[in-house]
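One-letter residues, chain by chain:
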Amino acid sequence: MRLLTAPLVAMGITLSVYTAEYAFPYWAVIEQWKDPVLFFAGLIAGVRWPDWDFLIPGLGHRSGLTHSALLPLFVYFLASPGLASGLSLGIALHLSSDIQPKAWTGGALIKFPVVGSIGKKLSPLWLFINIAGCVAIMAASLDIEPHFAQLIMLMVTSAGTFWYFSREEKRRLIPLATLAASGLLVHSFRSGHFSLSAVTQFFV
Ligand SMILES: [Zn+2]
């Protein structure tokens with residue numbers, strides 16, 4: 001049920017924020033809270049969004065289209081970095097759980113329309129790359145937020161992650177290690193310690 005209700009609640013919150021902004025353009029407090037609230041809405045939706053492949057006709061379960069950073073990427077460029085950032089956090093949490101199935105068979109594998117399953121070697125890689133993509137979108141969104149919004153968003157990140165691993169996912173080690181590894185990867189890219197040219201030099 002939460003599969004359906006969580007994204008609907010998030011849509012309700014998002015709609016309310018935009019309505020309030022439209023109705024009271026002179027209220028600075030709405031401008032100040034807009035992105036933190038959208039971030040929260042994104043987080044609620046993002047945790048459940050990947051499994052909407054059950055509801056979308058034509059997609060098999062663990063579809064690579066929903067189990068990916070695709071939605072936040074679109075939202076980042078077309079709508080709101082704050083909302084995209086919350087979606088990214090939620091999706092990263094969800095995918096970090098999906099990276100430890102009982103076995104890499106059947107329902108655990110990532111699938112695409114037409115192509116079908118991408119197999120047991122590429123599925124975990126796909127999940128890891130997309131977790132890193134989600135972390136990168138979060139970092140890029142936080143970069144452009146004012147200090148106040150950054151502070152609230154980081155608090156929501158801590159509280160949301162704590163909630164997720166205390167209520168939703170009890171096998172915490174691999175998901176947390178995956179999130180930490182993708183965070184380090186994104187950090188080293190952003191700080192210039194690690195670059196694509198360094199990777200190619202390593203292999204050539
Ligand atoms: Zn899933």
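Residues numbered from 1 in each chain as written. Predicted model: local features only at pLDDT ≥ 70, side-chain atom pairs only at ≥ 80, totals over all residues. Heavy atoms only, no water.

Novice: Just to check I follow, could you spell out the overall build of the protein chain for this structure?
Specialist: Along the protein chain, the regular secondary structure elements total 8 helices and 2 strands. Secondary structure elements of the protein chain, listed N to C terminal, follow the sequence α-α-α-α-β-β-α-α-α-α. Computed over C-alpha atoms, the radius of gyration of the protein chain comes to 18 Å, within 12% of the 17 Å expected from 2.2 N^0.38 for 204 residues, which places it in the range of a compact globule. Here the C-alpha coordinates of the protein chain stretch approximately 55 × 45 × 35 Å along the principal axes. For the protein chain, the residues scored as buried account for 42% of the 204 residues in total. Taking the intrachain contacts of the protein chain between residues at least 6 apart in sequence as the baseline, contacts between residues at least 24 apart amount to 70%. Taking the average place of the 13 positive charges on the side chains of the protein chain and the average place of its 10 negative ones, the gap between the two points comes to 14 Å. (Helix = DSSP H or I, 4+ residues; strand = E, 2+ residues; numbered from the N terminus. Rg over C-alpha atoms; globule rule 2.2 N^0.38 Å. Buried < 20%, exposed > 50% of the residue type's maximum accessible area, 1.4 Å probe, protein only. Contact = heavy atoms within 4.5 Å. Lys, Arg positive; Asp, Glu negative; His and termini not counted. Charge placed at Lys NZ, Arg CZ, Asp CG, Glu CD.)

Novice: When you look at the environment of G183 in this model, what are you seeing that I'm missing?
Specialist: Note on placement: G183 falls in helix 7 (residues 173-190). Since its relative accessible area comes to 24%, G183 is described here as partly exposed.

Novice: I would appreciate a short explanation of the packing of helix 2 (residues 28-48) against helix 6 (residues 147-168) in the present structure.
Specialist: In helix packing, the relevant descriptors are the interaxial angle and the interaxial distance, both defined with respect to the helix axes. Two elements in contact, helix 2 and helix 6, have axes whose closest approach is 9 Å; the angle formed by their N-to-C orientations is 20°. The orientation of helix 2 relative to helix 6 falls into the category roughly parallel. The handedness of the crossing between helix 2 and helix 6 comes out as right-handed. Between helix 2, through Q32, W33, P36, F39, F40, L43, V47 and R48, and helix 6, the contact on the second element is made entirely by F148, A149, I152, M153, V156, T157, G160, W163, Y164 and E168. Classifying every residue of the contact of helix 2 with helix 6 gives 13 nonpolar, 3 polar and 2 charged. (Axes fitted to C-alpha atoms, helices over the stretch in contact; angles between N-to-C directions. Parallel < 35°, antiparallel > 145°, perpendicular 65-115°, else oblique. Left-handed = near helix turned anticlockwise from the far one by under 90°. Nonpolar A, V, L, I, M, F, W, Y, C, P; charged D, E, K, R; others polar.)

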